[in-house]
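Geometric and topological summary
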Amino acid sequence: VGFHIQGTPFQIRRRRPPLEEKARALLHPKIFSLDRQDGIHIGQVEMAQKARFNLGFAYKLDAQIQESENIFSAISQNEASDVQLASAMQLASVKKMRGDFTGAAALMEQIAKSSTSTATTVISQYGAGYIYLYNLNDTKKSQEALERVGLKAARYAIPPGEESKTLACAERLYKWLI
């Protein structure tokens, strides 16, 4: 599987990274570390970010959630870049996998607020709205998140119980839908 973010190609395969790749990354801290930039060519820093992103994604696919979260969290705290943005979105996904739905939705909203890209803002707000609706069962926050980026949303509540299982209730719902 591969995807492309504003001129930066990321090639991701659904496999566990070979031990050799991990070892090579650990043996070359100047290339793999984002914290050390003394005398390092900017291309190496970008390569390090991509390597760490791919390793975090491989951990995520391998259900090693804590390792994945640690990597994406570290990258998303660095200066703004395509890799940093992708890492923040993956971090939200990992939080969701871990069951931290409130944290995931908040991070998606934060990404939307800080992004300069309209597409990223819409995707992030949609993600937050989806989490609010399907994971947190908060229809009001979901509607607000979607409407912030111009996506039309409306709510219709059907009370639970036998009294709602009538033809009249179905007719009201149908009229609301159209």
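For every chain, the first residue of its written sequence is number 1, and the numbers climb from 1 along that sequence. Per-residue local features are limited, in this predicted model, to residues with pLDDT of at least 70; the limit for side-chain atom pairs, both in listing and counting, is 80 or more; totals at the level of whole chains, interfaces and linings are taken over all residues. Hydrogens are left out, water is left out, and the side-chain values use all remaining heavy atoms of the structure.

A closer look at the packing of helix 5 (residues 82-98) against helix 7 (residues 118-135)
Note the cut-off: The angle between two axes is taken between their N-to-C directions and runs from 0 to 180 degrees, where each axis is a line fitted to C-alpha atoms and a helix contributes only its stretch in contact. Helical segments are the DSSP runs of H or I of at least four residues, strand segments are the runs of E of at least two, and each set is numbered from the N terminus. Angles are sorted into four bins: roughly parallel if under 35 degrees, roughly antiparallel if over 145, roughly perpendicular if 65 to 115, and oblique for all others. In what follows, a contact means two residues having at least one pair of non-hydrogen atoms within 4.5 Å.
Closest axis-to-axis distance for the helix 5/helix 7 pair is 12 Å, and the angle between their directions is 5 degrees. Relative to helix 7, the element helix 5 lies roughly parallel. Contacts from L85, M89 and K96 of helix 5 reach helix 7 at T120, I123, S124, Y130, I131 and N135.

What about the pattern of salt bridges?
Heads up, the condition is: When a carboxyl oxygen of Asp or Glu lies within 4 Å of a side-chain nitrogen of Lys or Arg, that pair is called a salt bridge. For each residue, the accessible area found with a 1.4 Å probe, counting protein chains only, is set against the maximum for its type, and the residue is called buried under 20%, exposed over 50%, and partly exposed in between.
Taken as a whole and assessed by the stated rule, the structure comprises eight salt bridges. Between D100 and R98 there is a salt bridge; the shortest N-O distance is 4.0 Å. We classify D100 as partly exposed; its relative accessible area is 24%. According to the relative accessible area criterion, R98 is partly exposed, its value standing at 40%. Among the salt bridges present, the one from E109 reaches R148, with a minimum N-O distance of 2.4 Å. With E109 in helix 6 (residues 101-114) and R148 in the loop between helix 8 (139-147) and helix 9 (167-177), this pair connects stretches of sequence that are 39 residues apart. Each of the salt bridges in this network shares a partner with another, and the network as a whole consists of E69, K95, R98 and D100.

What about a nonpolar patch on the surface?
Definition in use: The patches reported here contain residues having more than 30% relative accessible area and no salt bridge. Joining distances are 9 Å for like charges and 5 Å for nonpolar side chains (Val, Leu, Ile, Met, Phe, Trp, Tyr). Areas reported as accessible are Shrake-Rupley estimates using a 1.4 Å probe. Residue values count occlusion only from the protein chains shown.
A surface patch of nonpolar side chains, amounting to about 660 Å² of accessible area, comprises Y156, I158, Y174, W176, L177 and I178. Relative to the helices and strands, W176 resides in helix 9.

Here's the deal with unusual backbone geometry
You will see that A63, though not glycine, has its phi angle at about 60 degrees, which is positive. Its relative accessible area of 57% is what places A63 among the exposed residues. The residue N137 is not glycine, and still its phi comes out positive at about 55 degrees. Relative to the elements of secondary structure, N137 occurs in the loop between helix 7 and helix 8. Judged by relative accessible area, which is 65%, N137 ranks as exposed.

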